[in-house]
Amino acid sequence: MNMQKDNYLWWRDGVIYQIYPRSFADSNGDGIGDLRGIIDRLDYLAELGVDAIWLSPIFPSPDVDFGYDVADYRGIDPKFGSMEDFEELLAQAHQRNLHIILDLVLNHTSDQHPWFVEARQSKESSFHDYYIWRDPAPGGKPPNNWAAIFGGSAWEYDEGAGQYYLHLFYKEQVDLNWRNPAVYQEMMDLFRYWCDKGVDGFRLDVFNLWYKHADLPDNPRQFPPSPPFFRPWDQQKHIYDYDQPEMMPALAEIRSILDSYPARYAVGETFPEDAASAARYSQPGYLHAAFNFEFTHCQWLARPFQRAIERYEQLLSDEQWPCYVLGNHDLSRPATRYARGDEDGRLKVAAAMLMTLRGTPFIYYGDEIGQRDIPIRKKEDVLDPIGKSFWPFFKGRDGCRAPMQWNSCENAGFSSTQPWLPVNADYSTRNVENQAGDPDSLLTFYRQLLTLRREHPALHRGSLHMLIEDPRFVIAYERRYEDETFMVLLNFSNFERALEISELSASEWWTPVLSNYPYDQLVTEDSVINLQPNQALILIKNQV
Ligand code: TEU
Ligand code: CA
């Protein structure tokens, strides 16, 4: 690993890699990825040049929503390994300067969590008030009109308690009552528990849903419904079921707990995704960052991407830090959205952009080799519960969760047995081993980008100036820090595009430092650069 500049801060200046643990590497041949598998691949991640690993949930879970239904916030699911394995992962990661981020799902617990098992026994149970219960409305109906994000009503009647409980996702994912001081305290203690173990940061699942309006009023109707239109959820204005003001002090307290340890980090997932509310929750004193998902909705055109960057930069104050993603475990992979056939040109442009913008970039496992979604053909094959319920309107999220393609051996080197989800059929050619040995591969380009970014504060810390106001094909910007300036040129089109440097930038000389095409010439003020189809070109300003 390269020497780091003195005030390099891992979560601000570095790059974060998301692992979906079921699908990364299986060490014991049960078809499910595990912590030992990750330990075995730490050298790969260190070589790639990332600074941190976000692990999708590894806590004990009955897997109704594959880990996003947690039955014990302080344990490790045996299918992933033991607490000793986790401690070893932490130690081995730290040895390589890799930080570990856990995914905390604190809006809801599994219905198998001991708190809920107790809570549903009766109204008198001391855990009853850990969750949100109401008596049936007249006629036995649900207490209000709220809808679940995963379909149907947000209320489920429970015989044992003789009341309805609230669930904004599946009925097996029961919403916690954050207004109960005991729940609140549990959560604050949980942050301390994992920080004391040496965990470096947290990704907070749907955190803006933690607080609901205390009186649970009906939501007004939304007409016409919002996309994707077919759920009761889409037919309401969500005034009372999330984004309540009590969120802010809770985040402030979490922040002060994290700040009592060195260099801890919290990144939040707002749902529904909304750049403005993400910006509000990541103000100084609250979360370090909140995901901006706008890129994941952009068509492959220069203008929408540049607009997304500009909007975001405007939303954030100078003390705030952007946080970009191209994909995650809920979304179709960028390769499936952007790439044409088996070609990776566009993915190189996307990578160059992500790695040279202001802010913390996230890489979802497998995107560095351009993994494509696996096809989902039949309802019987679907494992993701929302794919089953919403078939055929939505086929679920299995497509982006297929095993990591390590090599051309059977099961792509992921496992010695048949994996829990099929490996993509292209694994015999598209895999880490092949790309690591290929100077023109996407993986090699990612490695080069990460090295360059780490070595130059201008690329991670510098200011950002757009050079073309209303781009049709090419996004061009400068990154500057102290006496260093870079120019980044990204050709989003599939054709050659000529750029006159004098029109872009002051009269200086530029030296190309990285591109996905061969380059040799120095660029002078009167040069015309012919960008090749989907070329990304990074240049550095010569010192005079
Ligand atoms: O996601 C929030 C969420 O509900 C959406 O991202 C949803 O998965 C998507 O719109 C479906 O198309 C978080 C987690 O990332 C997700 O994996 C969990 O299922 C969900 O919360 C519940 O914990
Ligand atoms: Ca395993």
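Check the entry above for the structure.
So, a few notes on the structure that sits alongside this text. (Residues numbered from 1 in each chain as written. Chains lettered and ligands numbered in written order. Predicted model: local features only at pLDDT ≥ 70, side-chain atom pairs only at ≥ 80, totals over all residues. Heavy atoms only, no water.)

**Considerations on the overall build of the chain**
Each helix and strand counted, the chain has 16 helices and 20 strands in total. The C-alpha atoms of the chain give a radius of gyration of 24 Å, which matches the 24 Å a tight globule of 544 residues would have. Reported as C-alpha extents along the three principal axes, the dimensions of the chain are approximately 80 × 50 × 50 Å. Here the chain holds 544 residues, and 60% of them are scored as buried. Restricting the contact set of the chain to residue pairs at least 6 apart, pairs at least 24 apart contribute 68%. As displayed, the chain has an accessible area near 21000 Å², and 49% of this comes from carbon and sulfur atoms. (Helix = DSSP H or I, 4+ residues; strand = E, 2+ residues; numbered from the N terminus. Rg over C-alpha atoms; globule rule 2.2 N^0.38 Å. Buried < 20%, exposed > 50% of the residue type's maximum accessible area, 1.4 Å probe, protein only. Contact = heavy atoms within 4.5 Å. Areas by Shrake-Rupley, 256 points an atom, 1.4 Å probe, with all protein chains shown as cover.)

**Regarding the coordination of the calcium ion (ligand 2)**
Within the protein, the atoms that donate to the calcium ion (ligand 2) are Asp26 (OD), Asn28 (OD1), Asp30 (OD), Ile32 (O) and Asp34 (OD), at distances of 2.2 to 2.4 Å. With a relative accessible area of 9%, Asp26 lands in the buried category. Looking at Asp34, the relative accessible area reads 3%, which means it is buried. (Donors = N, O, S within 2.8 Å, 3.2 Å for Na, K, Ca; no water.)

**Some words on the packing of aromatic side chains**
On inspection of all chains with the given rule, the structure shows 45 aromatic pairs. Aromatic pair Phe59 and Trp194: ring centres 5.8 Å apart, planes at 55 degrees, arrangement tilted. Taken as a pair, Phe59 in the loop between strand E2 (52-55) and helix H4 (83-95) and Trp194 in helix H6 (residues 181-197) lie far apart in primary sequence, 135 residues in all. Judged by relative accessible area, which is 0%, Trp194 ranks as buried. Ring geometry for Phe150 and Phe169: centres 5.0 Å apart, planes at 75 degrees, overall edge-to-face. Of this pair, Phe150 sits in the loop between strand E5 (133-134) and strand E6 (155-158) while Phe169 sits in the loop between strand E7 (163-166) and strand E8 (173-175), and the two are 19 residues apart along the sequence. Over the face of the ring belonging to Tyr365 we find Arg333, whose NZ or CZ atom lies 4.7 Å from the ring centre. (Phe/Tyr/Trp six-rings, centres within 6.5 Å; stacked < 30°, edge-to-face > 60°. Lys NZ or Arg CZ within 6 Å of the ring centre and 35° of its normal.)

**Let's talk about a nonpolar patch on the surface**
The grouping of Phe230, Phe393 and Phe394 at the surface amounts to a nonpolar patch, some 300 Å² of accessible area in total. Relative to the elements of secondary structure, Phe394 occurs in the loop between helix H12 (385-390) and helix H13 (432-436). We classify Phe394 as partly exposed; its relative accessible area is 31%. (Patch = residues over 30% accessible without salt bridge, like charges linked within 9 Å, V, L, I, M, F, W, Y side chains within 5 Å. Salt bridge = Lys/Arg side-chain N within 4 Å of Asp/Glu carboxyl O.)

**Comments concerning the pairing of strand E9 (residues 201-204)**
Residues Gly201 and Arg203 line one face of E9 and the alternating positions Phe202 and Leu204 line the opposite face, and both faces are buried. Taken together, the four bridges between strand E3 (residues 99-104) and E9 define a ladder with parallel strand orientation. Directly across from Leu104, in E9, lies its bridge partner Leu204. The sheet contact formed by E9 and strand E10 (residues 265-268) spans four bridges and is parallel. Bridging from a neighbouring strand, Phe202 pairs with Ala266 of E10. (Pairing = 2+ DSSP bridges.)

**Considering the site of ligand 1**
What surrounds ligand 1 is a group of 16 residues, the closest being Asp65, Asp205, His329, Asp330 and Arg397. Isolated, ligand 1 exposes 480 Å² of accessible area, and the fraction of that covered by the protein chains is 87%. More than half of the atoms of ligand 1 fall within 2 Å of the grid points belonging to the largest pocket. (Near = heavy atom within 4 Å. 1 Å grid on protein atoms, 1.4 Å probe; cavity = no way out; pocket = protein on both sides within 12 Å on 5 of 7 lines; lining within 4 Å. Sits in = over half its atoms within 2 Å of the grid points.)

**Focus: the pattern of salt bridges**
This structure, assessed with the given rule, holds 38 salt bridges. With a shortest N-O distance of 2.8 Å, Asp234 and Arg231 are connected by a salt bridge. Here Asp234 matches Arg231 in class, with each residue buried. Several salt bridges share partner residues, and in doing so they unite Asp65, Asp330, Asp384, Arg397 and Arg401 into one network.

**Description of the layout of surface pockets**
For the largest pocket, the calculated volume is near 1000 Å³. As for the largest pocket, its lining consists of 40 residues, of which Asp330, Leu331, Ile386, Phe394 and Arg397 are closest to the centre. For the lining of the largest pocket, the per-class residue count stands at 20 nonpolar, nine polar and 11 charged. (Points joined across faces, edges and corners; volume = space filled by probe spheres on them. Nonpolar A, V, L, I, M, F, W, Y, C, P; charged D, E, K, R; others polar.)

**Observations concerning the packing of H6 against helix H7 (residues 247-259)**
Where H6 contacts H7, the two axes come as close as 10 Å, and the packing angle between them is 25 degrees. On the basis of their axis angle, the class for H6 and H7 is roughly parallel. Crossing geometry of H6 relative to H7 is assigned as right-handed. Each of Tyr184, Met188, Phe191, Arg192 and Cys195 in H6 lies in contact with H7, whose residues at this interface are Pro249, Ala250, Glu253, Ile254, Ile257 and Leu258. Looking at the contact of H6 with H7, its residues break down into nine nonpolar, no polar and two charged. (Axes fitted to C-alpha atoms, helices over the stretch in contact; angles between N-to-C directions. Parallel < 35°, antiparallel > 145°, perpendicular 65-115°, else oblique. Left-handed = near helix turned anticlockwise from the far one by under 90°.)

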